[in-house]
Amino acid sequence: QVQLVESGGGLVQAGDSLRLSCAASGRTFRRYAMGWFRQAPGKEREFVAGITWSGDRTYYADSVKGRFTISRDNAKNTVYLQMNSLKPEDTAGYYCAAGPLVTTPGGGYTDWGQGTQVTVYS
C-alpha cells in the first residue's frame, strides 16, 4: 500500500500552465505504475496520463496529448503532471493513483490520493 498526496492545483487563466505533484509514502513507490485521472462535476472520472514504474513509457488521453507531460522521480517518491496550454475544459479535480500496471480504467489502481482542484477560466 502507498499513501498519495496531490498538490499544485489552482485557479489559472486559459493558456497558462500548472504542475501537479503527487508525493507518495513508502519505499515501494518505485514498484508502482502511476496514473493521473480527473473528474469534473457531473462527469465520469477519466484517465489523463500514466507512467510505468521505471518511467520508460508514458500514456496520454487524446484530449491532453501534446499539452500535458507526466514524469516521475523515484528518488523523491513523486510523480508530476506538467500541464501547459490549459483550457477551461481541463477544469476538474485531479487525482493520482498507484497500481501494478498503467490502465485507463481506474479500477486497475489500488491506491488513490485525495485530489487537487484545477480551475481554468477564459
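Starting from 1, residues in each chain are numbered consecutively following that chain's sequence as written. This being a predicted model, a pLDDT of at least 70 is required before a residue's local features are given, and a value of 80 or more before pairs of side-chain atoms are given or counted; all residues contribute to the totals for chains, interfaces and linings. Derived side-chain values reflect all non-hydrogen atoms in the structure, with water molecules and hydrogen atoms excluded from consideration.

Visitor: I keep staring at the sheet that holds strand 3 (residues 18–24) and nothing clicks. Help me out?
Guide: Note on sheets: strands pair through backbone hydrogen bonds, and any given pair is parallel or antiparallel. Note: two strands are recorded as paired if DSSP finds a minimum of 2 bridges between them. A run of H or I in DSSP counts as a helix once it spans at least four residues, and a run of E counts as a strand once it spans at least two, with each numbered from the N terminus. Spatially, 1-3-8-7 is the arrangement adopted by the four strands of the open sheet, whose pairing is antiparallel. Lying at the two open borders of the sheet, with one neighbouring strand each, are strand 1 (4–7) and strand 7 (68–73). Strand-to-strand twist in this sheet, taken as the mean axis angle between neighbours without regard to direction, amounts to 15°. Fitted lines through C-alpha atoms serve as axes, helices being fitted only where they are in contact, and the angles separating the N-to-C directions of these axes extend from 0 to 180 degrees.

Visitor: Before we go on, may I ask you to explain the nonpolar core in this structure?
Guide: The biggest cluster of nonpolar side chains holds 29 residues, and the ones touching the most others in it are Met-34, Trp-36, Leu-81, Met-83 and Tyr-94. Looking at this core, the elements that each hand over two or more residues are strand 3, strand 4 (33–39), strand 5 (46–51), strand 7, strand 8 (78–83), strand 9 (92–99) and strand 11 (116–121). Whether two residues are in contact is decided by their heavy atoms, any of which lying within 4.5 Å being enough. Discounting residues that sit within four places of it in the chain, Tyr-94 has contacts with Glu-6, Leu-20, Trp-36, Phe-37, Arg-38, Val-48, Phe-68, Leu-81, Met-83, Gly-115, Thr-116 and Val-118. Joining through side-chain atoms within 4.5 Å is the link that ties buried Ala, Val, Leu, Ile, Met, Phe, Trp, Tyr and Cys residues into a set, and such a set is a nonpolar core. Exposed residues in this analysis have more than 50% of their type's maximum accessible area, buried residues have under 20%, and partly exposed residues fall in between, with area computed by a 1.4 Å probe over protein chains only.

Visitor: What is the right way to look at the state of the cysteines in this model?
Guide: Disulfides are covalent bonds that connect the sulfur atoms of two cysteines. Cysteine sulfur atoms that come within 2.5 Å of each other are treated as a disulfide pair. Under the counting rule described, the total for this entry stands at one disulfide. Linked covalently through their sulfurs, Cys-22 and Cys-96 form a disulfide whose S-S length is 1.9 Å. Linking Cys-22 and Cys-96, the disulfide has an S-S dihedral of approximately 55° and is accordingly described as right-handed. You can see Cys-22 sitting in strand 3 and its partner Cys-96 sitting in strand 9, a full 74 residues away along the chain. We classify Cys-96 as buried; its relative accessible area is 0%.

Visitor: When you look at the packing of aromatic side chains in this model, what are you seeing that I'm missing?
Guide: Two aromatic rings, taken as a pair, are described by how far apart their centres are and by the angle between their planes. Any two rings among Phe, Tyr and Trp, with Trp reduced to its six-membered ring, count as a pair given centres within 6.5 Å; such a pair is stacked if its planes are under 30 degrees apart, edge-to-face if over 60, and tilted if neither. Across all of its chains, the model carries four aromatic pairs by this definition. Aromatic pair Phe-37 and Tyr-109: ring centres 5.3 Å apart, planes at 80°, arrangement edge-to-face. Of this pair, Phe-37 sits in strand 4 while Tyr-109 sits in the loop between strand 9 and strand 10 (111–112); the two residues are 72 residues apart in sequence, bridging distant segments of the chain. Looking at Phe-37, the relative accessible area reads 1%, which means it is buried. For Tyr-109, a relative accessible area of 6% puts it in the buried group. With centroids separated by 5.1 Å and ring planes inclined at 55°, the aromatic side chains of Phe-37 and Trp-112 adopt a geometry described as tilted. Placement of the pair is Phe-37 in strand 4 and Trp-112 in strand 10, with a sequence separation of 75 residues. The partly exposed category is assigned to Trp-112, whose relative accessible area is 27%. Put simply, the rings of Phe-37, Phe-47, Tyr-109 and Trp-112 pair up and form one aromatic cluster. The ring of Phe-37 has Arg-45 sitting right over it, with the charged end atom 5.8 Å from the ring centre. A ring is considered to have a charge above it if a Lys NZ or an Arg CZ atom is located within 6 Å of its centre and within 35 degrees of its normal.

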